[in-house]
Amino acid sequence: MSNKEQTLSIIKPDAVERDLIEEIKNIFIQNKLAIKDSKKIHISKDEAADFYKVHQSKPFYNDLCSYLSSGPIVVMILEGENAISLNRKIMGATDPKNADENTIRKLYGISIDKNSVHGSDSQTNAKKEIDFFFKN
Ligand code: IDP
Ligand code: MG
């Protein structure tokens, strides 16, 4: 049975800064994830704190919010069969050194914090995160 989904992807500052936008977009397209919408933005630290509020109790929260707001990012709506889990698979593990071969984080990630991409982890969060950047 078909299970078409949408998920939110972010190309983080470390990858935008290294001109990897087209390379990363091509990986999504090659893996049958269509880019339904895309915009390059530079968010404030307060917006990053709002976006990442599920992580507010974590010791790395403040650094994470500073980092996501440190430079331009590209936010995208990806659509395809099982888009949420497929995107997570294409991204690879959070820490690039644990990521599988040919995943985005293995290819381009620098470290656990500068790991090049974000992807929603569930249907609930995909909806919330798409709304966060693309509604109104
Ligand atoms: P995910 O991006 O693979 O879903 P999460 O656990 O949701 O990983 O964490 C969100 C982001 O927070 C990660 O992408 C990473 O940049 C950062 N992060 C996660 N764990 C650590 C850590 O232990 N130290 C520093 N940064 C971390
Ligand atoms: Mg996550």
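Just so you know, these numbers come straight off a predicted model, no measurement behind them.

Rules of the game
Here the residue index of a chain counts from 1 through its sequence in written order. Here chains are named by letter from A upward and ligands by number from 1 upward, in the order in which they appear as written. A pLDDT threshold of at least 70 governs which residues receive local features in this predicted model, and a stricter bar of 80 or more applies before side-chain atom pairs are shown or counted, although totals over entire chains, interfaces and linings include all residues. Values reported for side chains reflect all heavy atoms of the structure, with hydrogen atoms and water molecules removed beforehand. Paired rings are identified among Phe, Tyr and Trp, the last through its six-membered ring, by centres lying within 6.5 Å, and are further divided according to the angle between planes into stacked (under 30 degrees), edge-to-face (over 60) and tilted (the rest). Only protein chains enter the area calculation, which uses a 1.4 Å probe; residues under 20% of their type maximum are buried, those over 50% are exposed, and those in between are partly exposed. In the cavity and pocket records, a cavity denotes points on a 1 Å grid over the protein atoms alone where a 1.4 Å probe fits but cannot get out, a pocket denotes an open set with protein on both sides within 12 Å along at least 5 of 7 lines, and lining residues are residues with an atom within 4 Å of a point. Grid points are joined across faces, edges and corners, and a volume is the space filled by probe spheres set on the points. We count a stretch as a helix when DSSP gives it H or I for four or more residues in a row; a strand needs E for two or more, and each element gets its number in order from the N terminus. Residue classes follow a fixed rule: Ala, Val, Leu, Ile, Met, Phe, Trp, Tyr, Cys and Pro count as nonpolar, while Asp, Glu, Lys and Arg count as charged, and any other residue, Gly among them, counts as polar. Strand pairing is defined by DSSP finding a minimum of two bridges between the two strands. Axis geometry follows a simple rule: fit a line to the C-alpha atoms, using only the stretch in contact for helices, then measure angles between N-to-C directions, giving values from 0 to 180 degrees. Note on contacts: a residue pair qualifies if any of its non-hydrogen atoms lie within 4.5 Å across the two residues.

Some details on the packing of aromatic side chains
Following the criterion strictly, the structure yields four aromatic pairs and no others. Ring centres of F51 and Y52 lie 5.1 Å apart, and the angle between their planes is 65°; this geometry places the pair in the edge-to-face category. Here the two residues F51 and Y52 agree in accessibility, since each one is buried. Here F132 and F133 contribute two aromatic rings whose centre-to-centre distance is 4.8 Å and whose plane-to-plane angle is 80°, an arrangement assigned as edge-to-face. Accessibility expressed as a relative area gives 7% for F133, which makes it buried. Here the aromatic residues F51, Y52, F132 and F133 are joined through ring pairs into a cluster of three or more.

Observations regarding the layout of surface pockets
Its volume calculated, the largest pocket comes out at about 710 Å³. Lining the largest pocket we find 26 residues, and of these Y52, V54, H55, L64 and H118 sit closest to its centre. Elements represented by at least two residues in the lining of the largest pocket include exactly α3 (45-51), α4 (61-68), α5 (83-91), β4 (117-119) and α7 (123-134). With four residues, α7 is the single largest residue contributor to the lining of the largest pocket. Split by residue class, the lining of the largest pocket holds ten nonpolar, six polar and ten charged. In this structure, the second largest pocket spans a volume of roughly 150 Å³. Lining the second largest pocket, in full, are K4, E5, Q6, I84, Q123, A126, K127, I130, D131 and K135. Among the elements of the structure, β1 (4-11) and α7 are those that each provide at least two residues to the lining of the second largest pocket. If you tally residues by element for the lining of the second largest pocket, the top one is α7, at five residues. Grouping the amino acids of the lining of the second largest pocket by side-chain chemistry returns three nonpolar, two polar and five charged.

Observations concerning the sheet that holds β4
The strand order across the open sheet formed by four strands is β2-β3-β1-β4, and the pairing between neighbours is antiparallel. Edge positions in the sheet fall to β2 (34-41) and β4, since each of these pairs with one other strand and no more. On average, adjacent strands in this sheet sit at an angle of 20° to one another, irrespective of strand direction. Pairing analysis gives eight bridges linking β1 to strand β3 (residues 73-81), with the strands arranged antiparallel. Across the sheet, residue I10 finds its bridge partner in β3, namely V75. In the packing of helix α2 (residues 21-30) onto the sheet, the strands contacted are β1, β2, β3 and β4, and the crossing angle to β3 comes to about 10°. This element, α5, spans β1, β3 and β4 of the sheet and lies at about 35° to β1.

Remember, this is a structural readout, not a statement about activity or role.
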